[in-house]
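# Chain and residue survey
These are the residues of each chain, in order.
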Amino acid sequence: MRLGVVLMGLGAHAAASAGALEWMLDAGVRPYALCGMQSAAWASALYLAGYDARGIKAAVMQAACLGRRLLPAQRSARKLLAGKTDALCTGRRLEKLLLAQLGERMMSCSPQQGVFLTKAARSGHTVVFSTRACSQNTDAILTLQASLSFAARAAMARPPFLSAMDWMGAPLLPVDDADFACRLLLKMGAQRVLVIAPQNSIRHEPDALEQAAGLSGGLCGQTLSENAGILRVMLDDRCGALSLERIAECAQTGKNAAAQNMEAALERLGMPLCRVLPFRKMV
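Residues numbered from 1 in each chain as written. Predicted model: local features only at pLDDT ≥ 70, side-chain atom pairs only at ≥ 80, totals over all residues. Heavy atoms only, no water.

A few words now on the nonpolar core. A general trend in soluble globular proteins is that nonpolar side chains are found buried together. Core analysis: the biggest nonpolar cluster contains 73 residues, and L3, W42, F116, F129 and L266 have the highest contact counts within it. For this core, the element with the most residues is helix α1 (residues 14-26), which contributes nine residues. In this structure, W42 is in contact with A15, A18, A59, V60, A63, L98, Q101 and M156, ignoring residues within four places of it in sequence. The next biggest cluster of nonpolar side chains, apart from the first, holds 24 residues, and it includes V6, C35, C134 and V193. (Core = buried A, V, L, I, M, F, W, Y, C linked by side-chain atoms within 4.5 Å. Buried < 20%, exposed > 50% of the residue type's maximum accessible area, 1.4 Å probe, protein only. Helix = DSSP H or I, 4+ residues; strand = E, 2+ residues; numbered from the N terminus. Contact = heavy atoms within 4.5 Å.)

Moving on: the environment of T143. Position of T143 among the secondary structure elements: in strand β5 (residues 140-143). Along the backbone, T143 and M107 are 36 residues apart, and their C-alpha atoms lie at a distance of 9.4 Å. Setting aside its immediate chain neighbours within four residues, T143 contacts V127, V128, F129, S130 and W167. Within the local environment of T143, its side chain forms a polar contact with the backbone nitrogen of Q145, the two atoms lying 3.1 Å apart. (Polar contact = N/O pair within 3.5 Å; in protein donor to acceptor, adjacent residues only side chain to side chain.)

Two elements in contact, helix α3 (residues 53-66) and helix α9 (residues 247-268), have axes separated by 8 Å at closest approach and are oriented at 145°. From α3, V60, M61, A63 and A64 reach across to α9, where they touch I247, A248 and A251. Looking at the contact of α3 with α9 residue by residue, the classes come out as seven nonpolar, no polar and no charged. (Axes fitted to C-alpha atoms, helices over the stretch in contact; angles between N-to-C directions. Nonpolar A, V, L, I, M, F, W, Y, C, P; charged D, E, K, R; others polar.)

A few words now on the pattern of salt bridges. Evaluated as defined, the whole model comprises seven salt bridges. The shortest N-O distance in the salt bridge between E95 and R92 comes to 3.1 Å. In this pair, E95 and R92 are both assigned in helix α5 (residues 92-102), three residues apart and thus about one turn of the helix distant. When its relative accessible area of 21% is taken as the criterion, E95 is described as partly exposed. What makes R92 exposed here is its relative accessible area of 51%. (Salt bridge = Lys/Arg side-chain N within 4 Å of Asp/Glu carboxyl O.)

Have a look at this one:
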């Protein structure tokens, strides 16, 4: 059976999705199609660029070494929450990291199927950056003419923390509609879709990024398609979205959650792990 995967995670939480993906690849399970949302677009781009489990682990460690230097806040959290322009973080270090890890590989050259979701700030139209042509709603713009690093960076842009990427003269903002992502992967040929959703503990105090994004509740009560399920990754209450120095710890949490709960999550979808194509290797 063909498995589609949606990776989620805001800020440092994206590393938890990267850890879960690393476990899947190490177990011999390669998603048929992939969608990266929020900062997990980074992990999705690594997979679409051809990274294996070892490569993703090395990329996570590289990001962990950079830590907080990836997103230097120029002003106070209060100004960030108010959306002041002088508090804008351009994310130049993050952009350089993506270029170093992904280069300028065009999405249409990717050996795997995948999509990134963004929205044109001026028109409000959804822009789908895809590695393959797929049927789309009339209100969405589908394009294959972008590099993986650009598409991932656009899907991660969240003012006032990261400046929006410009595409055809319009700034792009991220789209967090997990159900839309699931429906896209099903149209691309996936038979089931698993959403990997890092989630804060109840005791966690939201940091500035989580408050501004309004996504501290994970999927925020979204209803998923009939053939979609969720694998929730519970994070330590000390791991906030801005805790970039703890990326390696978040990745290990995601890997452990996949090892413990992946088979049960897939069985709830009606596709035991042994039926996911290609077949997993013995672990």
